[in-house]
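# Tertiary structure, described
These are the residues of each chain, in order.
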Amino acid sequence: MNSWKKPTKLKIILLGDSGVGKTSLVKRYHDKDFKELHLSTVGIDLLDKELCIENKLVSLQIWDTAGQERFKGMPSAFYRDTHCCVLVYDVNVLQTFESLDNWHAEFIKMANPITPDKFPFVLMGNKTDVKDGKSRVVEKEKAVEWCNSKGEIVYFETSAKEKINVDEAFLEIARKALSNE
Ligand code: GDP
Ligand code: MG
């Protein structure tokens, strides 16, 4: 393994309505290797995590919005040179699922990838742990159907709260990003 080499930098961005759990998912994935950088003046949180996949040392640069998604779009630098785009919704809130078309279109417009239909996206349906009071409104089949309608988007059902599927999802995100390097 060429671990003495400089890691391959891969840019990941998270998009989705405010409150769906984007920051919580990144924090859950957080461990002692994490370097955290707050660029709050421009509304972006940047996290850097090194890992080894497919015999390669990679440095995942995870770009998270610092709440700014609620008010206006992110600056174009946020979208530029992204290797994998992660879309997040809350399985208990229909509106957050219905927003996915807009986030997907926004990414394509702003990042302007060479082959939009081949660009690697990963969808996360978060807060699957919520059971009492609120009930789930978006079934897995519906989410998978949406993924298939957009090409080949991989879907994960997650809980940042209970750390369900979080590592698994980020491993796939890293793989997708590496395949788009
Ligand atoms: P963001 O705006 O998309 O970054 O969302 P946040 O990460 O700030 O989370 C919004 C709220 O949802 C916070 O109160 C979190 O504690 C909560 N939250 C995030 N993920 C989960 C989850 O998986 N399950 C539950 N029950 N709550 C969550
Ligand atoms: Mg956030």
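Bear in mind that the values here come from a model prediction, so they are computed numbers and not experimental data.

### Concerning helix 5 (residues 140-149)
Turning to helix 5, its buried residues number three or more, namely Ala 143, Trp 146 and Cys 147. All buried residues of helix 5 project into a common sector of 100 degrees when viewed along the axis, lining one side. Exposed and oriented more than 90 degrees from the buried face of helix 5 are Glu 141, Glu 145, Asn 148 and Ser 149. Directly beyond the C-terminal end of helix 5, a positive phi value near 125 degrees is found at Gly 151.

### Considerations on helix 1 (residues 22-29)
Regarding helix 1, the residues found buried are Lys 22, Leu 25, Val 26 and Tyr 29. Angularly, the buried residues of helix 1 cover 95 degrees about the axis, an arc narrow enough to put them on a single face. In this fold, the buried residues of helix 1 make contact with strand 1 (8-15), strand 3 (44-53), strand 4 (56-65), strand 5 (84-90), strand 6 (121-126) and helix 6 (166-179).

### As for the nonpolar core
Ranked by internal contacts, the top residues of the largest apolar core, which has 27 residues, are Ile 12, Leu 60, Ile 62, Met 124, Phe 170 and Ile 173. When contributions to this core are tallied by element, the ones reaching two or more residues are strand 1, helix 1, strand 3, strand 4, strand 5, strand 6 and helix 6. Looking at which element gives the most residues to this core, the answer is helix 6, with seven residues. In this view, Ile 173 contacts Ile 12, Cys 84, Val 86, Val 122 and Met 124; residues no more than four positions away in its chain are not counted. Within the second largest apolar cluster, 26 residues are counted, among which are Phe 97, Leu 100, Trp 103 and Cys 147.

### Structural notes on the environment of Val 130
Structurally, Val 130 can be placed in the loop between strand 6 and helix 5. We classify Val 130 as partly exposed; its relative accessible area is 25%. Considered as a pair, Val 130 and Lys 161 are 31 residues apart in the sequence and their alpha carbons are 9.4 Å apart.

### Topic: the environment of Ile 173
With respect to the helices, strands and loops of the structure, Ile 173 is situated in helix 6. Judged by relative accessible area, which is 0%, Ile 173 ranks as buried. Distance in space between the C-alpha atoms of Ile 173 and Cys 85 is 8.3 Å, their sequence separation being 88 residues.

Each value, and the rule that gives it
- Residues numbered from 1 in each chain as written.
- Chains lettered and ligands numbered in written order.
- Predicted model: local features only at pLDDT ≥ 70, side-chain atom pairs only at ≥ 80, totals over all residues.
- Heavy atoms only, no water.
- Buried < 20%, exposed > 50% of the residue type's maximum accessible area, 1.4 Å probe, protein only.
- Helix = DSSP H or I, 4+ residues; strand = E, 2+ residues; numbered from the N terminus.
- Arc of directions from axis to C-beta.
- Contact = heavy atoms within 4.5 Å.
- Core = buried A, V, L, I, M, F, W, Y, C linked by side-chain atoms within 4.5 Å.

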